[in-house]
Amino acid sequence: MEAESEPYVRLATLRQLHRVVADLNTARSLSDTVQAVADGIVAGLGYELACVNLVRPDGDLVVAAFAGNTAAEALIAGRVGSRASWERRLSMGERWGDLHFIPHTEGWVLTEDDVPQWHTEGPEPRFADEWHPSDRLYAPMYASGGDGELIGVISVDRPRGGRRPGAWGQEALTMYASQASIAVINARLRSNMQRALVRLEREQQALRASEESFRQAFEYAPSGMAIAEMGGEQHGRLLRTNDALCRLLGRPASAMRRYSFADLVHHEDVGTLLRTSAEGGRAELRLQRRDGSFVWVNLRNSVVADTADGPRFLLTHVEDIEERKRHELHLAHRASHDSLTGLPNSAELRARLSARLCRRPHAVRATAVEALDAAYEGAYDDGVTYDDGFFGDPTGEGDPGVYDHHVHTVAPLEGVEDDGIKGLAVLFCDLDGFKSINDRFGHSAGDAVLIEVARRLTTCVRDGDTVARLGGDEFVVLADGLGSADAADLAVRLRNAIIPPIRVDGRAVRVGASFGIGWAECGMTVDEVLQSADQRMYIEKRSRSKVHRRAG
């Protein structure tokens, strides 16, 4: 069974979470949004059953959506549970952050209350974290964080792995509940806005009342709202902004009227803004605050007609997604970096190395000038020719021209001290004497040594170079633009940086290092590149006497 701690499992979970959260914003009505919330849990979070209970105006909770079992849906859909019963449930059991877990050993007292529920039979758990059919797990949805108004509760059952969710699964469900609450609030807001827009277009006799209704929805919306001109010389200029948007950007409404979103967007996101269609357009981008910092937002545009044949305006809904982006970056970093040293892990190293390689057969340039010419011209002057697929697609199998700008990676010639070719050096490092430190002083001392070695390696390389940890006491350095002599000098510098004593718990310990220098070259696989550097490292290790490799 794959563990949550596996980097690729965490990355897959992140991708699934990102996909189902994105689906929440595509639903148009409140009912579609609530059903998308339930379907997303079953499709992306690994539970067989999911139920969404929404708070009604009278305070009780109604089953608004169900996913995973049509029979159970028919049994409880539309049924209502009292607010008192729900508050009792949310005060019982164990708190997993914002989640509430009621084990079957405590939940038996709830079988007679008025909360709609389904029953499944099953044996007693065989181990501590096995899921029991009568276990209950709830994820409350609040209007703004854990201290806001309760808008609903998500119930989940039957995790597909058969085990209670671990820390990673709990965090994913918590994040999803937070995004689901935003989606439900926004669906309600969109519903109100659509009703206001229909009144503006069709109810000419009630125009003043409709305008006031729109003003109320606009001004007091919890998310940012803006109205901008469409067409003419002032196209895109902001005509009106609500208080939420002004607070988000730290700018007064009077100052906002001097700008358009094009004036406020981050320069890297200008293309995203321009590609966003006027009607129904959506984009995630960064807007500049008054203090110069940037905030991630989700822009959704709708076109509004002032009168039947009058000018048109662009209504933009601006949602603050800074927290979600921060979580995504945090999860992506955890999935691609070593938890002990903070260095890129094996998966990230392979991804970076793979990005530089294609399946073009080996070819060596006589000079660096010829290598540069070939990279831009797509042909060689040495009489060697290749199939068009090798120049159009790094895989050698795709459509020619898709990857025309791929710069092929070449390696210096073997046995030539300096042939002028600069390549991507792969330095495979294995620590000497590290096992003795672990055996003598314990794993905590070994971890401290690995952290310090990682720091020393990082300080010795250039910006843009990669220092990664493969695992154990093995590290790999990727350094581009080096010749054979440059790579040898770099290995010496790195070894000399590792050799000085390392202070651990008041004692000085030493480790040595053996380096193998390999070269990445188009036509090789990632495994072949790493294996070549690894073999050279062992040759170098055996060529040095044990006294020169001794440490501790």
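Residues numbered from 1 in each chain as written. Predicted model: local features only at pLDDT ≥ 70, side-chain atom pairs only at ≥ 80, totals over all residues. Heavy atoms only, no water.

Q: Explanation requested: the pattern of salt bridges in the structure shown.
A: Side-chain pairs of opposite charge can arise where the charged atoms are in close proximity. Applying the stated rule across the entire model yields 32 salt bridges. One salt bridge in this structure joins Arg164 and Asp135, with 3.8 Å as the shortest N-O distance. Pair noted here: Arg164 is in the loop between β7 (150-159) and α6 (167-202) and Asp135 is in the loop between α5 (104-107) and β6 (136-142), with a separation of 29 residues, a long-range link. Between Glu323 and Arg326 there is a salt bridge, and its shortest N-O distance comes to 2.7 Å. Highlighted residues: Glu323 and Arg326, both in helix α12 (residues 322-336), separated by 3 residues, approximately one helical turn. Members of the salt-bridge network, linked through shared partners, are Glu284, Arg324, Lys325 and Glu328. (Salt bridge = Lys/Arg side-chain N within 4 Å of Asp/Glu carboxyl O. Helix = DSSP H or I, 4+ residues; strand = E, 2+ residues; numbered from the N terminus.)

Q: When you look at empty space enclosed by the protein in this model, what are you seeing that I'm missing?
A: If a probe the size of a water molecule is rolled over the atoms, the empty space left behind becomes visible. Evaluation of the coordinates by the stated rule reveals 4 cavities of 30 Å³ or more. Taken as a whole, the largest cavity spans an internal volume of roughly 80 Å³. Around the largest cavity, the lining residues are Leu14, Leu17, His18, Val21, Met175, Tyr176, Gln179, Arg324 and Glu328. Broken down by secondary-structure element, the contributors of at least two residues to the lining of the largest cavity are α1 (7-24), α6 and α12. Counting residues per element, the lining of the largest cavity draws most heavily on α1, at 4 residues. In the lining of the largest cavity, the residues fall into 5 nonpolar, 2 polar and 2 charged. (1 Å grid on protein atoms, 1.4 Å probe; cavity = no way out; pocket = protein on both sides within 12 Å on 5 of 7 lines; lining within 4 Å. Points joined across faces, edges and corners; volume = space filled by probe spheres on them. Nonpolar A, V, L, I, M, F, W, Y, C, P; charged D, E, K, R; others polar.)

Q: It is not clear to me how helix α17 (residues 443-459) should be interpreted in this structure. Could you clarify?
A: Because each turn of an α-helix spans 3.6 residues, side chains separated by three or four positions end up pointing in the same direction. With 17 residues, α17 extends 24 Å between its outermost C-alpha atoms, agreeing within 8% with the 24 Å of an ideal straight helix rising 1.5 Å per residue. Along α17, the positions that sit buried rather than exposed are Ala445, Gly446, Val449, Leu450, Glu452, Val453, Ala454, Arg456 and Leu457. (Expected span 1.5 Å × (residues − 1). Buried < 20%, exposed > 50% of the residue type's maximum accessible area, 1.4 Å probe, protein only.)

Q: What is the right way to read the pairing of strand β15 (residues 474-482) from this model?
A: Side chains on a regular strand alternate between the two faces of the sheet. Pairing of strand β13 (residues 423-432) with β15 involves 7 bridges; the strand directions are antiparallel. Counted as the bridge partner of Gly423 is Leu482 from β15. Direction of pairing for strand β14 (residues 466-471) relative to β15: antiparallel, over a ladder of 5 bridges. When the sheet's bridge partners are listed, Arg469 is paired in β15 with Phe475. (Pairing = 2+ DSSP bridges.)

Q: Just checking my understanding: could you explain the sheet that holds strand β18 (residues 512-520) for this structure?
A: Within a beta sheet, neighbouring strands are joined by backbone hydrogen bonds and run either parallel or antiparallel to one another. The strand order across the open sheet formed by 4 strands is β14-β15-β13-β18, and the pairing between neighbours is antiparallel. Here the strands that pair on one side only, and so sit at the sheet edges, are β14 and β18. Going across the sheet, the axis of each strand differs from the next one's by a mean of 25 degrees, ignoring polarity. The pairing of β13 with β18 spans 9 bridges and is classified as antiparallel. Opposite Val426, over in β18, you have Gly518 as the bridge partner. (Axes fitted to C-alpha atoms, helices over the stretch in contact; angles between N-to-C directions.)

Q: Would you mind going over unusual backbone geometry with me for this structure?
A: Negative phi characterises most residues that are not glycine, and trans characterises most peptide bonds. With phi around 60 degrees, Arg158 is a residue other than glycine that occupies positive phi space. Topologically, Arg158 is positioned in strand β7. Overall, the relative accessible area of 28% leaves Arg158 in the partly exposed class. Even without being a glycine, Asp505 presents a positive backbone phi close to 55 degrees.

Q: How should the nonpolar core be read in this particular structure?
A: For soluble globular proteins, nonpolar side chains are generally found buried alongside one another. Grouped together as the largest cluster of nonpolar side chains are 38 residues, with contacts concentrated most on Leu137, Ile154 and Tyr176. Broken down by element, the residue count for this core peaks at 9 residues, all from α6. Residues contacting Ile154, with those up to four places away along its chain left out, are Val37, Ile41, Cys51, Leu137, Tyr138, Ala139, Met141, Ala177 and Ala180. In this structure, Leu343, Ala445, Leu457 and Val477 belong to the second largest nonpolar core, which totals 32 residues. (Core = buried A, V, L, I, M, F, W, Y, C linked by side-chain atoms within 4.5 Å. Contact = heavy atoms within 4.5 Å.)

Q: Honestly, the environment of His132 in this entry has me stumped. Any pointers?
A: Take His132: it is sitting in the loop between α5 and β6. On the basis of relative accessible area, His132 is assigned to the buried category, the value being 6%. Residues His132 and Pro103, spaced 29 residues apart in sequence, show a C-alpha to C-alpha distance of 7.9 Å. Among the polar contacts made by the side chain of His132, one reaches the main-chain amide nitrogen of Ser134 at a distance of 2.9 Å. (Polar contact = N/O pair within 3.5 Å; in protein donor to acceptor, adjacent residues only side chain to side chain.)

Q: Help me out: how do you make sense of the pairing of β7 in this one?
A: For β7, the buried fraction is high: 9 of the 10 residues fall into the buried class. Relative to β7, strand β1 (residues 47-55) is paired through 7 bridges, and the arrangement is antiparallel. Note that in β7 the partner of Leu54 across the bridge is Gly152.

Q: Got a minute to help me understand the confidence of the model for the chain in this structure?
A: Should pLDDT be low for a region, the predicted coordinates there are not to be read in detail. In the predicted model, the chain carries a mean pLDDT of 81, and 81% of its residues have values of at least 70. Here residues 378-404 is modelled with pLDDT under 50, and outside its nearest four sequence neighbours on either side it reaches 43 contacts, counting other chains as well. Confidence drops under pLDDT 50 across residues 547-552; counting only partners more than four residues distant or on other chains, this segment forms 17 contacts. (pLDDT = per-residue confidence, 0-100.)

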